[in-house]
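# Summary of structural features
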Amino acid sequence: MEPGNSEEMDKSSVFEALAKVVKAVANGRRLELIELLAQGEHAVDALARMSGMGVTTTSAHLQTMKQAGLVKTRRERTTIYYRLAGDDVAELYLAAKRVGLQRYPVLRQSLVEYMGEADGSCTPTIDPSAVTPDMTVVDVRPRAEFDAGHFPGAVSIPLAELEARFHEIPPGAEVVLYCRGELCRLARDAARWLCERGVDAKAMDEGVVEWRASKEVDLGVA
């Protein structure tokens with residue numbers, strides 16, 4: 001039996017609806033916002049400041065993702081806070097990143113250059129599964145993101161405070177640092193800075209956005 005025109009139109013509408021979801025994340029700045037929102041909810045002005053975009057542009061990107069059901073909002077007085085609609089949005093981000101890194105050499109090279117590894121200044125990394133209780137785990141994200149959910153047993157020393165507070169790290173400790181995700185270099189920068197001062201420091205090769213998606217690390221998020 002051949003499908004009728006109405007059935008063909010129905011199938012087309014399904015794929016068009018799916019395309020709207022895909023289009024909502026098919027933008028570099030929106031993917032960056034997803035990484036930031038995976039750390040916890042943020043107001044528009046905070047997201048604009050962290051991403052380096054204007055408030056109007058940031059708001060427009062968020063509205064596009066909201067229309068596709070990828071983010072949710074809550075109002076507190078006059079401030080509207082955005083958050084991921086669910087961890088499955090982080091899964092979508094992770095799937096796109098995984099395929100891109102495997103299939104698109106330009107992305108791999110861009111990441112190498114961004115992390116500062118192209119000039120030979122590679123920082124040792126460690127898989128989260130290799131972290132042991134005797135290691136000192138440091139979260140270098142802003143404190144608000146740490147409070148929203150963090151690696152078990154981690155201490156918060158934001159990168160901006162590292163120079164003033166690195167004496168808080170126990171002498172002789174094996175230090176493991178992490179940040180927002182694989183595409184975030186805060187932990188790499190912190191590890192390099194500590195290594196230059198004789199600290200045994202490594203950066204985790206993934207971060208919170210991956211853990212939101214995989215559930216392999218308990219972030220203490222309800």
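Before any of the text, the structure's been laid out above.
To start, this report covers the structure provided alongside it. (Residues numbered from 1 in each chain as written. Predicted model: local features only at pLDDT ≥ 70, side-chain atom pairs only at ≥ 80, totals over all residues. Heavy atoms only, no water.)

## Let's talk about helix α4 (residues 55-67)
Since the α-helix packs 3.6 residues into each turn, any two residues three or four apart lie on the same face. Between its terminal C-alpha atoms α4 stretches 18 Å, which fits the 18 Å expected from 13 residues at 1.5 Å a residue. Of the residues flanking the end of α4, it is Gly-69, one or two places downstream, whose phi is positive at about 80°. (Helix = DSSP H or I, 4+ residues; strand = E, 2+ residues; numbered from the N terminus. Expected span 1.5 Å × (residues − 1).)

## Focus: helix α2 (residues 28-37)
If you check which residues of α2 are buried, you get Arg-30, Leu-33, Ile-34, Glu-35, Leu-36 and Leu-37. The N-terminus of α2 is capped by Asn-27, whose side-chain oxygen sits 2.9 Å from the backbone nitrogen of Arg-29. (Buried < 20%, exposed > 50% of the residue type's maximum accessible area, 1.4 Å probe, protein only. Polar contact = N/O pair within 3.5 Å; in protein donor to acceptor, adjacent residues only side chain to side chain.)

## So, the sheet that holds strand β2 (residues 71-76)
Pairing in this open sheet of three strands is antiparallel, and the strands run β1-β3-β2 from one edge to the other. Sheet topology places β1 (42-43) and β2 at the edges, where each strand pairs with a single neighbour. Here β2 pairs with strand β3 (residues 79-84) via six bridges, running antiparallel. Across the sheet, residue Val-71 finds its bridge partner in β3, namely Leu-84. α4 rests against β2 and β3 of the sheet, and its axis sits at about 115° to β2. (Pairing = 2+ DSSP bridges. Contact = heavy atoms within 4.5 Å. Axes fitted to C-alpha atoms, helices over the stretch in contact; angles between N-to-C directions.)

## Some details on a nonpolar patch on the surface
There is a patch of nonpolar side chains on the surface, built from Val-14, Phe-15, Leu-18 and Val-22 and spanning about 400 Å² of accessible area. Secondary-structure assignment places Val-22 in helix α1 (residues 5-25). Residue Val-22 is classed as partly exposed on the basis of its relative accessible area, which comes to 48%. (Patch = residues over 30% accessible without salt bridge, like charges linked within 9 Å, V, L, I, M, F, W, Y side chains within 5 Å. Areas by Shrake-Rupley, 256 points an atom, 1.4 Å probe, with all protein chains shown as cover. Salt bridge = Lys/Arg side-chain N within 4 Å of Asp/Glu carboxyl O.)

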